[in-house]
Amino acid sequence: MTEINEGARTPPASYEDLAKLVDFAVLTPNGSEEQMAAACDTAKKYRPGRLTVRPADLDLVMKWMERSGVMIGTTVDYPHGAGTTSSKLYAVRDALQRGAKAIETVLNPGKMLSRQFRYVESELMQMAQECHRTGAELIVDLEAGWLGEDLRVIACRIVKRAEVDRIRVRSLYGPEADGPEIIAFLTGKLGDWVKVESTAVDMQEALAAYEAGAAGFQTPDPIGVLESWSAELKRREAETAAS
């Protein structure tokens, strides 16, 4: 379990403040429509900042989540990012036409390791432009565990020039790489240009990511994170009242 760096950043003051940082990811390959419907019910109840679903589920989810106030996102060329630029652009346009307000993709790790930086930048720039035409965000999973420090620095330069909205340290299916040090490194390189997100499996990881500078985090289990946070807020309120 990740240690919380006390004092690094003031924790969210309320349940709503933490919930809006949550990207609830429902991306398991074998999830049924019944499970997707249950996930939508969970999103309506816990009100995360974003619900990210598989492209094939987007039409149903847009219908089920209508007027819920929860942003709906989907993935393109996930989880490996190895498709062609033209196929990615087609998928981005299709998802945007279906109502997605956020597109999550993976920085092509093979091209980065091959040092094909112009290819990667051109691809992301075109995807970002398509998203921004409709007011949607482009979120790029860095898969930092596959990139050395030099490539992480170059990746930061690329996403800034491409006007990517957010980067995530890794996807849910990428190599382990999360941690306060990497988040702090990325936020230091990107500043206010690109928001940095992480992944989290529990409240401790979520708060550690937040205190390190993350602007949000993705989790397949928002219930565990948000109910734990509700309990923590009640505990703090009780301590304050008793003091």
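Please refer to the structure higher up on the page.
Below is a summary of the structure that appears in this document. (Residues numbered from 1 in each chain as written. Predicted model: local features only at pLDDT ≥ 70, side-chain atom pairs only at ≥ 80, totals over all residues. Heavy atoms only, no water.)

**Comments concerning the overall build of the protein chain**
Point 1. Along the protein chain, the regular secondary structure elements total 10 helices and 8 strands.
Point 2. Taken over C-alpha atoms, the radius of gyration comes to 18 Å for the protein chain, in line with the 18 Å a tight globule of 243 residues would show.
Point 3. Its C-alpha atoms give the protein chain principal-axis dimensions of about 60 × 40 × 30 Å.
Point 4. For the protein chain, the residues scored as buried account for 51% of the 243 residues in total.
Point 5. Surface accessibility of the protein chain: about 11,700 Å² in total, with carbon and sulfur atoms responsible for 50%.
Point 6. Counting 29 positive and 37 negative side-chain charges, the protein chain places the averaged centre of each group 6 Å from the other. (Helix = DSSP H or I, 4+ residues; strand = E, 2+ residues; numbered from the N terminus. Rg over C-alpha atoms; globule rule 2.2 N^0.38 Å. Buried < 20%, exposed > 50% of the residue type's maximum accessible area, 1.4 Å probe, protein only. Areas by Shrake-Rupley, 256 points an atom, 1.4 Å probe, with all protein chains shown as cover. Lys, Arg positive; Asp, Glu negative; His and termini not counted. Charge placed at Lys NZ, Arg CZ, Asp CG, Glu CD.)

**What about the pattern of salt bridges?**
Pairing is possible between side chains of opposite charge, provided their charged atoms come close.
Point 1. With the rule as written, the count across this model stands at 24 salt bridges.
Point 2. A salt bridge links Arg 166 to Glu 137; its shortest N-O distance comes to 3.2 Å. Of this pair, Arg 166 sits in strand S6 (residues 166–168) while Glu 137 sits in strand S5 (residues 137–141), and the two are 29 residues apart along the sequence.
Point 3. By relative accessible area, Arg 166 is classed as buried at 10%.
Point 4. The salt bridge partner of Glu 197 is Arg 166, with a shortest N-O separation of 2.8 Å. Residue Glu 197 is found in strand S7 (residues 195–199), and its partner Arg 166 is found in strand S6; the two are separated by 31 residues along the sequence. Arg 166 matches Glu 197 in its accessibility class, with the two residues each being buried.
Point 5. A cluster of three or more residues bridged by salt bridges with shared partners is formed by Asp 23, Arg 50, Glu 104, Glu 137, Asp 141, Arg 166, Arg 168 and Glu 197. (Salt bridge = Lys/Arg side-chain N within 4 Å of Asp/Glu carboxyl O.)

**Topic: the environment of Val 140**
Point 1. Looking at the secondary structure, you find Val 140 in strand S5.
Point 2. Given the relative accessible area of 1%, Val 140 is considered buried.
Point 3. The sequence separation of Val 140 and Ala 238 amounts to 98 residues, and the corresponding C-alpha distance is 40 Å.
Point 4. Every residue in contact with Val 140, bar those within four places of it in the chain, is listed here: Thr 105, Leu 107, Leu 124, Val 164, Arg 166, Ile 167 and Arg 168. (Contact = heavy atoms within 4.5 Å.)

**Some remarks on the packing of aromatic side chains**
Point 1. For the structure on display, the rule yields 1 aromatic pair.
Point 2. Considering the side-chain rings of Tyr 78 and Tyr 173, the 6.0 Å spacing of their centres and the 75° angle between planes classify their relative orientation as edge-to-face. Residue Tyr 78 is located in the loop between strand S3 (71–75) and helix H4 (85–97), and its partner Tyr 173 is located in the loop between S6 and helix H8 (180–190); the two are separated by 95 residues in the primary sequence.
Point 3. Above the ring of Tyr 119, the side-chain terminus of Lys 111 is found at 4.6 Å from the ring centroid. (Phe/Tyr/Trp six-rings, centres within 6.5 Å; stacked < 30°, edge-to-face > 60°. Lys NZ or Arg CZ within 6 Å of the ring centre and 35° of its normal.)

**Side note on the nonpolar core**
Point 1. Ranked by internal contacts, the top residues of the largest apolar core, which has 54 residues, are Leu 51, Ile 103, Leu 107, Met 112, Leu 124, Val 164 and Ile 167.
Point 2. Beyond its immediate sequence surroundings of up to four residues, Leu 124 is in contact with Thr 105, Leu 107, Leu 138, Val 140, Ile 158, Val 159, Ala 162 and Val 164. (Core = buried A, V, L, I, M, F, W, Y, C linked by side-chain atoms within 4.5 Å.)

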